[in-house]
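Structural features, examined
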Amino acid sequence: MISPGKTIGVLGGGQLGRMFAHAAERLGYRVHIYEPEANGPAGEVSAHEVNRPYTDVEALADFVRACDVVTYEFENIPVAPLWEIEKLAVLHPHWSVLETCQNRMREKTWLRKNGFPHVPFAEVEAGDDLAAAIRRIGLPCVVKTADFGYDGKGQIKVSDDASLAKAVASFAKQRCVIEKFIDFKCELSVLVARSGTGEVKAFPVAENIHTRHILDFSIVPARVPAEITAEAEKLALAIVEKLDVVGLLAIELFLTDRGEILVNELAPRPHNSGHWTLDACVTSQFEQHVRAVCGLPLGDVSAVAPVVMVNILGDAWKWQGDKITGEPNWKAVLEHPRAKLHLYGKREPRPGRKMGHFTVTAMTADAALEAARKLKARL
Ligand code: ADP
Ligand code: MG
């Protein structure tokens, strides 16, 4: 067990690192951040920050030597430098988990190999005939680059000749996966923590609404039958064991019209769809991640009230062309008695950039969603 008072290193310095640092520091840990870019959300709330590239093995080695355990909050960290530091530090989850999850092709192949339900897909190597592969899968489909995708970046829905040509022009020189377009009933996610001691706990299932491929609302409890949430949790527990994760694993799911659950994506870290836990769960996802990577007993995952989380993107600022002319109406959220505002301290709002979020609790999920939509409209 890595006791409170010891030092936790975090690779990556965005908002997930910031909220992780808050949780760790409350438990008495010191948090060190390794992040290539200066002035990020996590560094400003942590004891120590190093701004060096992930590929600087010497800087990375110095960094991890000062830590009792190291974790990551960002998926696109190159894995090779982590091999070099393996003997110097305990890294949770293991780099092999990151390697599997950071590349869609490896991730989906892993799901297929291990018999977990997933979206049907085809693999395309760089330079292969992408158009022919798309026609084989059939339209509509979604072409996604194997590496570096997030918030819908690196993916194109193909539904006609024009979008097919666009996908070929954009992605023909990259490794891709092509997925069948799923006309899902809704999207769900499960966060599950597994401690170094083997203890495992899944948070209540969230229902997620994405707008332009970016998470917009997370609703808890998910408005689906109890059999579905039970099956989603069972699936999450099986995946976290099989992948041998120590830490937190987020699993994004599609629920199809036929009631099938398909895994869309895995992320071995705290997740945007778990931010509601900060305000409406006995233990937050960030505290749970601290507990899991430090080998502490896991916390209670009971939700304390129905809740909705809303992302606040740079779009919420008042824009005139590409100039900002005003801030969001924070007072709208602040004056609501059951809403909580969280901002990440990012200095430059940009369209599509996650700047913060708010949550609102209510007597039912539907009432929380109604309140959340009203607040979002007034923001
Ligand atoms: P990322 O979150 O890394 O950008 P995802 O694969 O999760 O990538 O895609 C983002 C969103 O796009 C999903 O949450 C979903 O709303 C939509 N999407 C992705 N793949 C499909 C698909 N095969 N069928 C239907 N919608 C999809
Ligand atoms: Mg996703």
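I will try to describe carefully the structure that is included in this document. Computed from a predicted model, the values in this text were never measured in an experiment. (Residues numbered from 1 in each chain as written. Chains lettered and ligands numbered in written order. Predicted model: local features only at pLDDT ≥ 70, side-chain atom pairs only at ≥ 80, totals over all residues. Heavy atoms only, no water.)

As for the side chain of Ser 284
Along the polypeptide, Ser 284 turns up in the loop between helix H9 (277–280) and helix H10 (285–294). In this structure Ser 284 comes out as buried when scored by relative accessible area, which is 11%. A polar contact is formed between the side chain of Ser 284 and the backbone nitrogen of Glu 287, at a distance of 3.0 Å. Dropping the residues within four chain positions of it, Ser 284 is found in contact with Phe 203, Thr 277 and Leu 278. (Helix = DSSP H or I, 4+ residues; strand = E, 2+ residues; numbered from the N terminus. Buried < 20%, exposed > 50% of the residue type's maximum accessible area, 1.4 Å probe, protein only. Polar contact = N/O pair within 3.5 Å; in protein donor to acceptor, adjacent residues only side chain to side chain. Contact = heavy atoms within 4.5 Å.)

A short note on empty space enclosed by the protein
Per the counting criterion, the structure on display carries two cavities of 30 Å³ or more. Within this model, the largest cavity holds a volume of roughly 40 Å³. Looking at the largest cavity, the residues that line it are Glu 187, Leu 188, Ser 189, Asn 208, His 210, Leu 215, Glu 252, Leu 253, His 271 and Ser 273. Of all the secondary structure elements, the ones that give two or more residues to the lining of the largest cavity are strand S9 (186–194), strand S11 (206–211) and strand S13 (247–255). Grouping the amino acids of the lining of the largest cavity by side-chain chemistry returns three nonpolar, five polar and two charged. Counted as a void, the second largest cavity has a volume near 40 Å³. As for the second largest cavity, its lining consists of Ser 189, Val 190, Leu 191, Phe 203, Pro 204, Ala 206, Ser 273, Gly 274, Trp 276 and Thr 277. Residue composition of the lining of the second largest cavity, by class: six nonpolar, four polar and no charged. (1 Å grid on protein atoms, 1.4 Å probe; cavity = no way out; pocket = protein on both sides within 12 Å on 5 of 7 lines; lining within 4 Å. Points joined across faces, edges and corners; volume = space filled by probe spheres on them. Nonpolar A, V, L, I, M, F, W, Y, C, P; charged D, E, K, R; others polar.)

Quick word on the coordination of the magnesium ion (ligand 2)
Distances from the magnesium ion (ligand 2) to its protein donors, Glu 252 (OE), Glu 252 (OE) and Glu 265 (OE), fall at 2.1 to 2.8 Å. In this pair, Glu 252 sits in strand S13 while Glu 265 sits in strand S14 (residues 261–267), placing the two residues 13 residues apart along the sequence. (Donors = N, O, S within 2.8 Å, 3.2 Å for Na, K, Ca; no water.)

Considering the packing of helix H6 (residues 130–137) against helix H7 (residues 161–171)
A packed helix pair is summarised by two numbers, namely the angle formed by the two axes and the spacing between the axes. Put simply, H6 and H7 touch, their axes get as near as 9 Å, and they point 135 degrees apart. Compared by their axis directions, H6 and H7 come out oblique. Note on packing geometry: the crossing formed by H6 with H7 is right-handed. Residues Leu 130, Ala 131, Ile 134 and Arg 135 of H6 touch H7, and the partners they reach there are Leu 164, Ala 167, Val 168 and Phe 171. Grouping the amino acids of the contact of H6 with H7 by side-chain chemistry returns seven nonpolar, no polar and one charged. (Axes fitted to C-alpha atoms, helices over the stretch in contact; angles between N-to-C directions. Parallel < 35°, antiparallel > 145°, perpendicular 65-115°, else oblique. Left-handed = near helix turned anticlockwise from the far one by under 90°.)

Concerning the sheet that holds strand S6 (residues 141–145)
Sheet architecture is open: four strands sit in the order S5-S8-S6-S7, paired in antiparallel fashion. Strands at the two margins of the open sheet, each flanked by one partner only, are strand S5 (121–124) and strand S7 (155–158). Strand after strand, the sheet turns through a mean of 20 degrees between neighbouring axes, direction not considered. In terms of strand pairing, S6 meets strand S8 (residues 176–180) through five bridges, oriented antiparallel. Bridging from a neighbouring strand, Val 142 pairs with Glu 179 of S8. Of the strands in this sheet, S5, S6, S7 and S8 touch helix H5 (residues 104–113), which is tilted by about 135 degrees from S5. Helix-sheet contacts for H6 involve S5, S6, S7 and S8, and the interaxial angle to S8 is about 25 degrees. (Pairing = 2+ DSSP bridges.)

Some remarks on the environment of Ala 38
Among the secondary structure elements, Ala 38 is positioned in the loop between strand S2 (30–34) and strand S3 (48–50). The spacing of Ala 38 and Asn 51 is 13 residues in sequence and 5.9 Å in space, taken between C-alpha atoms.

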